[in-house]
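Summary of the model geometry
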Amino acid sequence: MTEFRLFLIQRITSGLLLLMGAVHLVVLLVAMQAPLSAAAILARTHASPFWPAFYAVFAITAATHAALGLRVIAREWLGWRGTAWGIGLWTVLVAVGLRAAWIIA
Amino acid sequence: MRAPSLGHRAHFAWWGALLRRLSGLALAVFLPLHFLALGLAADAAALDTFLDWTRAPLVRASEIALAAALVVHLVSGVQLLVQELWPW
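Residues numbered from 1 in each chain as written. Chains lettered and ligands numbered in written order. Predicted model: local features only at pLDDT ≥ 70, side-chain atom pairs only at ≥ 80, totals over all residues.

This part is about the overall build of chain B. Per the secondary structure count, chain B includes three helices and zero strands. Written out in order from the N terminus, the α and β elements of chain B read α-α-α. Rg of the C-alpha trace for chain B: 19 Å, well past the compact-globule value of 12 Å for 88 residues, more than 25% over. Dimensions of chain B, computed from the C-alpha atoms along their principal axes, are close to 60 × 35 × 15 Å. Out of the 88 residues in chain B, the part that is buried amounts to 12%. (Helix = DSSP H or I, 4+ residues; strand = E, 2+ residues; numbered from the N terminus. Rg over C-alpha atoms; globule rule 2.2 N^0.38 Å. Buried ≥ 20, exposed ≤ 12 C-beta atoms within 10 Å, placed from the backbone.)

This is the structure in structure tokens:
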């Protein structure tokens, strides 16, 4: 993928993270009204299929933004130019994120 | 007189870029740990044990540091987006 496309994806995911992060923050503030527990967390996420779907998209977006950001740092600070490790990192982050969304569904 | 090699550090944007990278690095390390922690929900008792652990003062302190990193990353990220996209 061209550098410009990766740059665009990084900017688009940042905008999406702003919106979804705001929703996540509200959920967090509501959740913190009571002590956190597995039962309370699962009761919330089981309430509607919207939440697992929302968190699956949120996880993919955050994983993509993080992988692209780490790629920039690795290129600038370590001089890493390869693409395989970046794709590998993105795959692992997305997989771990989707696994979590699946478990709370 | 400032040493020429340090000139770039006099720029506000350079510090913004450095802070964005450092805070982003911290958040990127946290992200998979956060996913793995939530994955413990497969076994409610395991997640509750983990949630008890998060009440330790050192974990609380690192959560505050993480929230600070998020604020820094957010503010410098929005600043960058406005700089790039706003029709000046």
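Let us look at the overall build of chain A. Scanning chain A from terminus to terminus reveals four helices and zero strands. Seen in sequence order, chain A has helices and strands lined up from the N terminus as α-α-α-α. For chain A, the C-alpha atoms occupy an extent of roughly 45 × 25 × 25 Å along the three principal directions. Here chain A, with 105 residues, has 22% of them falling under the buried criterion.

Below, the discussion takes up the environment of Leu 22 of chain B. Locating Leu 22 of chain B in the fold gives a position in helix H1 (residues 12–39). Overall, the presence of 14 C-beta atoms within 10 Å leaves Leu 22 of chain B in the partly exposed class.

Confidence along chain B averages 90 in pLDDT terms, with 93% of residues attaining 70 or more. Quick note on the complex model: pTM equals 0.91, ipTM equals 0.93. (pLDDT = per-residue confidence, 0-100.)

What follows covers the nonpolar core. Core analysis: the largest hydrophobic core is formed by 17 residues, its most contacted members being Ala 59, Ala 63, Ala 66, Ala 67 and Ala 100 of chain A. Within the residue set of this core, elements represented by two or more residues are helix H3 (50–78) and helix H4 (84–104) of chain A together with H1 of chain B. Looking at which element gives the most residues to this core, the answer is H3 of chain A, with eight residues. (Core = buried A, V, L, I, M, F, W, Y, C linked by C-beta atoms within 7 Å.)

The next thing to look at is the packing of helix H2 (residues 38–46) of chain A against helix H2 (residues 44–53) of chain B. Where H2 of chain A contacts H2 of chain B, the axes come no closer than 8 Å and their chain directions differ by 120 degrees. Relative to H2 of chain B, the element H2 of chain A is oriented oblique. On H2 of chain B, the residues touching Ala 38, Ala 39 and Leu 42 of chain A of H2 of chain A are Ala 44, Leu 47 and Asp 48 of chain B. Along the lines of polarity and charge, the residues of the contact of H2 of chain A with H2 of chain B split into five nonpolar, no polar and one charged. (Axes fitted to C-alpha atoms, helices over the stretch in contact; angles between N-to-C directions. Parallel < 35°, antiparallel > 145°, perpendicular 65-115°, else oblique. Contact = placed C-beta atoms within 7 Å. Nonpolar A, V, L, I, M, F, W, Y, C, P; charged D, E, K, R; others polar.)

It is worth spelling out H1 of chain B at this point. With 28 residues, H1 of chain B should reach 40 Å at 1.5 Å per residue; the first-to-last C-alpha distance of 40 Å fits that figure. Among all positions of H1 of chain B, only Arg 20, Ser 23, Gly 24, Leu 27, Ala 28, Phe 35 and Leu 38 of chain B are buried. (Expected span 1.5 Å × (residues − 1).)

A few words on the confidence of the model for chain A. For chain A, the mean per-residue pLDDT works out to 95, and 100% of the residues sit at or above 70. Of all the helices and strands in chain A, H2 of chain A carries the lowest mean pLDDT, 93, while H3 of chain A carries the highest, 97.

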